[in-house]
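# Chains, contacts and geometry: an overview
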Amino acid sequence: MSDKSSNQMWGGRFAAGPDAIMEAINASIGFDKRLAAQDIAGSRAHAAMLAATGIISDSDAETIREGLLTVLSEIEEGRFTFSTALEDIHMNVEARLKEIVGEPAGRLHTARSRNDQVATDFKLWVRDQFDAFESGLLALIRALVDQADAGAEWVMPGFTHLQTAQPVTWGHHMMAYVEMFARDLSRVRDARKRMNECPLGSAALAGTGFAIDRHMTAEALGFDRPTANSLDAVSDRDFALEFLSTASISAMHLSRFAEELVIWSSAQFRFVALSDRFSTGSSIMPQKKNPDAAELIRAKIGRIFGANVALMTVMKGLPLAYSKDMQEDKEQVFDAADNLMLALAAMEGMVKDMSANVENLEAAASAGFSTATDLADWLVRETGLPFREAHHVTGSLVAMAEGKGCDLPDLSLSEMQSVSSAITEGIYDVLGVHNSVASRLSHGGTAPARVREQVARWKEILA
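Residues numbered from 1 in each chain as written. Predicted model: local features only at pLDDT ≥ 70, side-chain atom pairs only at ≥ 80, totals over all residues. Heavy atoms only, no water.

## Some remarks on the overall build of the chain
- For the chain, the helix and strand inventory stands at 20 helices and 6 strands.
- Taking 463 residues into account, the globule formula puts the C-alpha radius of gyration at 23 Å, and the chain, at 31 Å, lies well above it.
- For the chain, the C-alpha atoms occupy an extent of roughly 100 × 55 × 40 Å along the three principal directions.
- With 463 residues in all, the chain has 47% of them scored as buried.
- When contacts within the chain are restricted to residue pairs at least 6 apart in sequence, long-range pairs at least 24 apart make up 74% of them.
- A total accessible area of about 21,900 Å² is found for the chain, and carbon and sulfur atoms account for 52% of it. (Helix = DSSP H or I, 4+ residues; strand = E, 2+ residues; numbered from the N terminus. Rg over C-alpha atoms; globule rule 2.2 N^0.38 Å. Buried < 20%, exposed > 50% of the residue type's maximum accessible area, 1.4 Å probe, protein only. Contact = heavy atoms within 4.5 Å. Areas by Shrake-Rupley, 256 points an atom, 1.4 Å probe, with all protein chains shown as cover.)

Structure (C-alpha cells):
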C-alpha cells in the first residue's frame, strides 16, 4: 500500500503520518491535566525535601516553589497552554517552570521519576475523591434518617418478588437504605486508610541513591507513611481499583433505590411525589411527570461498573514494575468519580424533596392479604398449632377471602371458625396493618418503636 493510500485510510486526523499517530496514542495530557494541582503539590513537597536534605540549595528550592505557584495560578485561571508534544501533566508543568525560573527547574526532578510522580499524583487525586465520596454518603444518610424520623409510623407494603408480602413502616424502609449506605461509608473509610501511603521517592522502580527523606514528603502531603517497597509503589493501582469497587457497590445501592423511586412515583403506585426539581415533563403528553433524575442515576451506574472492569482488565496481565498500559488507569476513574458524585448529590436531593402519599401507602399495605403471616403466627402462639398446620389453615382462609372478594379482616368469626374451631375473637387484634407492624418488636424489626431507636442511634452517630 502506498503512503498516499495509507494517509487516506487514516483520513485528515493524522496529517503528519506515523509520528502524529504515535504522539496521539502516547500523550495523556488531554485527561491527566486534571492532576495539575496534585502534581504541583507533590513537586513542592519534593523540592522542600531536596533542600532540607542538602541535595539542592535553599534558594533553588524557593525559586522552584514560587515558580510552581505561578504555574498553578496560570492553570487555575485558564491561562496555561497544554502541549500534546510534552505528553503529560508532569512534563507540561516542568517545561513551563523552566520558562519561568530557568536553570533551577532542571534540579526539581532529582531523585524521582515520572513513575513515582504519577503514582503520587493519582493517589492524591483519588484520596480527594474518597473524601468527597464520604461527604456525599453522609449527606444522603442524613436525608434518609430525616425521612425515617418523619414516617416511623407510616404503614406501607413490604415486598418480596415485588409482590405484597407483609406490612412494614416507611421509616423501616428508609433505614434499610441507611444501613446499606453506612456499609458503603465503612468501605470508603477503610480503603482510604489503606491507600494513604506515599510512593514519592520510589523513583523509577528501585529507589534512589540520593539521601532523601521520604518520611518528610509523606508527612507534607498528608500521607501516614511512605510506601515500603519501591517496586510495588510504582506498580500499584490497587487504590484506584478499591475506589472503583467501593463506588460500584454504592452505585448498585443507588440504582436499587432509584428503581424503587421510579416504581413508587408511577401512576400505578403513587407512593411518592418527587419534586419538580428532579422531574421533567413530556414534549407531547401534558399529564406526564417523569422521574428522570432517578432514571439517569440508574443508567449512569453502568459507567461506574464499566470503569471497574476496564481498570481490572488493564492491570491483570502486567508484570512489575511500570508499563505504559498504566497510562490507561485514569480516564475511567475520572469518569466514574464524576458520575458517582453526581448520582449521590441527585439522590440526596430527591430524598430530601420527596413526599410520601401516606394514604396510598396504607391502602396498598392493607391489600394483598399482607397480614396472613400474622394470622399464622397468632394460631401458633395462641392455639398451639404447629406452624405448618397454621400455615395450611391460613392458606384456606386466604382462599376463602379471595373467593369472597374481601381481605382477611373482613371475614366473620364464624367463617374463620369454619376452617379452624380454635380461632377466637382475638384474631382481629393482629389482622390490621398497624397492629401487624407494631407487633414486629424483634431487634431490627419494623415496629415504630424499633425504627425510632435506630433513628436516634443514627442521629447520635451523625452528630
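## What about the pattern of salt bridges?
- Under the defined criterion, the tally for this structure stands at 29 salt bridges.
- In this structure, the salt-bridge partner of Arg34 is Asp338, at a minimum N-O distance of 2.9 Å. One end of the pair, Arg34, is in the loop between helix H3 (29-32) and helix H4 (36-52); the other, Asp338, is in helix H13 (residues 331-353), with 304 residues separating them in the sequence.
- Given the relative accessible area of 37%, Asp338 is considered partly exposed.
- Glu197 is the salt-bridge partner of Arg225, the closest N and O atoms lying 3.2 Å from each other. Of this pair, Arg225 sits in strand S4 (residues 225-226) while Glu197 sits in strand S3 (residues 197-198), and the two are 28 residues apart along the sequence.
- On the basis of relative accessible area, Arg225 is assigned to the partly exposed category, the value being 39%.
- The exposure class assigned to Glu197 is partly exposed, which follows from its relative accessible area of 24%.
- Connected through shared salt-bridge partners, Asp60, Glu103 and Arg107 make up one network. (Salt bridge = Lys/Arg side-chain N within 4 Å of Asp/Glu carboxyl O.)

## Things to note about helix H5 (residues 58-76)
- Between its first and last C-alpha, H5 extends 27 Å over 19 residues, near the 27 Å set by a 1.5 Å rise per residue.
- If you check which residues of H5 are buried, you get Asp60, Ala61, Ile64, Gly67, Leu68, Val71, Leu72, Glu74 and Ile75. Seen from one end, H5 has its buried residues packed into an arc of 155°, which puts them on one side. Every exposed residue of H5 that faces more than 90 degrees away from the buried side is listed here: Asp58 and Glu76. (Expected span 1.5 Å × (residues − 1). Arc of directions from axis to C-beta.)

## Regarding the packing of aromatic side chains
- Enumeration over the complete set of coordinates arrives at 14 aromatic pairs.
- Taken together, a centroid distance of 5.5 Å and an interplanar angle of 75° make the contact between Phe122 and Phe239 edge-to-face. Of the two residues, Phe122 is situated in helix H7 (residues 114-150) and Phe239 in helix H11 (residues 238-264); the sequence distance between them amounts to 117 residues. Per residue, the accessibility class of Phe122 equals that of Phe239, and both read buried. (Phe/Tyr/Trp six-rings, centres within 6.5 Å; stacked < 30°, edge-to-face > 60°.)

## Focus: the packing of H7 against H13
- As a packed pair, H7 and H13 sit with axes 9 Å apart at the nearest point and diverge in direction by 15°. In terms of orientation, H7 lies roughly parallel with respect to H13. In the crossing of H7 with H13, the sense of the turn from one axis to the other is left-handed.
- For the contact of H7 with H13, the class distribution of residues is 18 nonpolar, 3 polar and 2 charged. (Axes fitted to C-alpha atoms, helices over the stretch in contact; angles between N-to-C directions. Parallel < 35°, antiparallel > 145°, perpendicular 65-115°, else oblique. Left-handed = near helix turned anticlockwise from the far one by under 90°. Nonpolar A, V, L, I, M, F, W, Y, C, P; charged D, E, K, R; others polar.)

## Here we look at the pairing of strand S2 (residues 163-169)
- By the bridge criterion, 6 bridges tie strand S1 (residues 155-160) to S2 in an arrangement that is antiparallel. Looking at S2, one finds that Val155 is bridged to Thr169.
- With antiparallel pairing between neighbouring strands as the criterion, S1 and S2 make up a hairpin whose turn holds 2 residues, including His161 at a positive phi of roughly 60°. (Pairing = 2+ DSSP bridges.)

## Topic: unusual backbone geometry
- Following Leu320, the chain continues to Ala321 via a peptide bond in cis, the omega torsion being 10°.
- Relative to the assigned elements, Ala321 resides in the loop between helix H12 (292-315) and H13.
- One non-glycine residue, Ala203, lies in positive phi territory at about 60°.
- Turning to its location among the elements, Ala203 is positioned in the loop between S3 and helix H9 (214-220).

## Remarks on the confidence of the model for the chain
- Taken over all residues, the pLDDT of the chain has a mean of 90, while the share at 70 or more is 94%.
- When the criterion is pLDDT under 50, residues 1-11 qualifies, and its contacts beyond four places in sequence or with other chains add up to 3 contacts. (pLDDT = per-residue confidence, 0-100.)

## Regarding the nonpolar core
- In this structure, Phe243, Phe257, Trp264 and Met347 are the most contacted members of the largest nonpolar core, which totals 100 residues.
- If sequence neighbours within four positions are ignored, Phe243 has contacts with Val126, Gln129, Phe130, Phe133, Val333, Ala337, Leu340 and Met341.
- One finds Phe369, Leu375, Ala401 and Ile423 within the second-largest nonpolar core, a separate group that totals 19 residues. (Core = buried A, V, L, I, M, F, W, Y, C linked by side-chain atoms within 4.5 Å.)

## Quick look at the side chain of Ser248
- Inspection of the secondary structure assignment puts Ser248 in helix H11.
- Owing to a relative accessible area of 9%, Ser248 belongs among the buried residues under this scheme.
- Contacts of Ser248, omitting those with residues within four sequence positions, involve Ile304, Phe305 and Asn308.

## Points about the packing of helix H8 (residues 170-195) against H11
- Where H8 meets H11, the axes come as close as 9 Å, and the angle between the chain directions of the two elements is 170°. By the angle between their axes, H8 is roughly antiparallel relative to H11. Here H8 runs over H11; the crossing is left-handed. Residues Trp170, His173, Met174, Tyr177, Met180, Phe181, Asp184, Arg187, Ala191, Arg194 and Met195 of H8 lie in contact with H11, whose contacting residues are Phe239, Glu242, Thr246, Ile249, Ser250, His253, Leu254, Arg256, Phe257, Glu260 and Trp264.
- For the contact of H8 with H11, the per-class residue count stands at 12 nonpolar, 4 polar and 6 charged.

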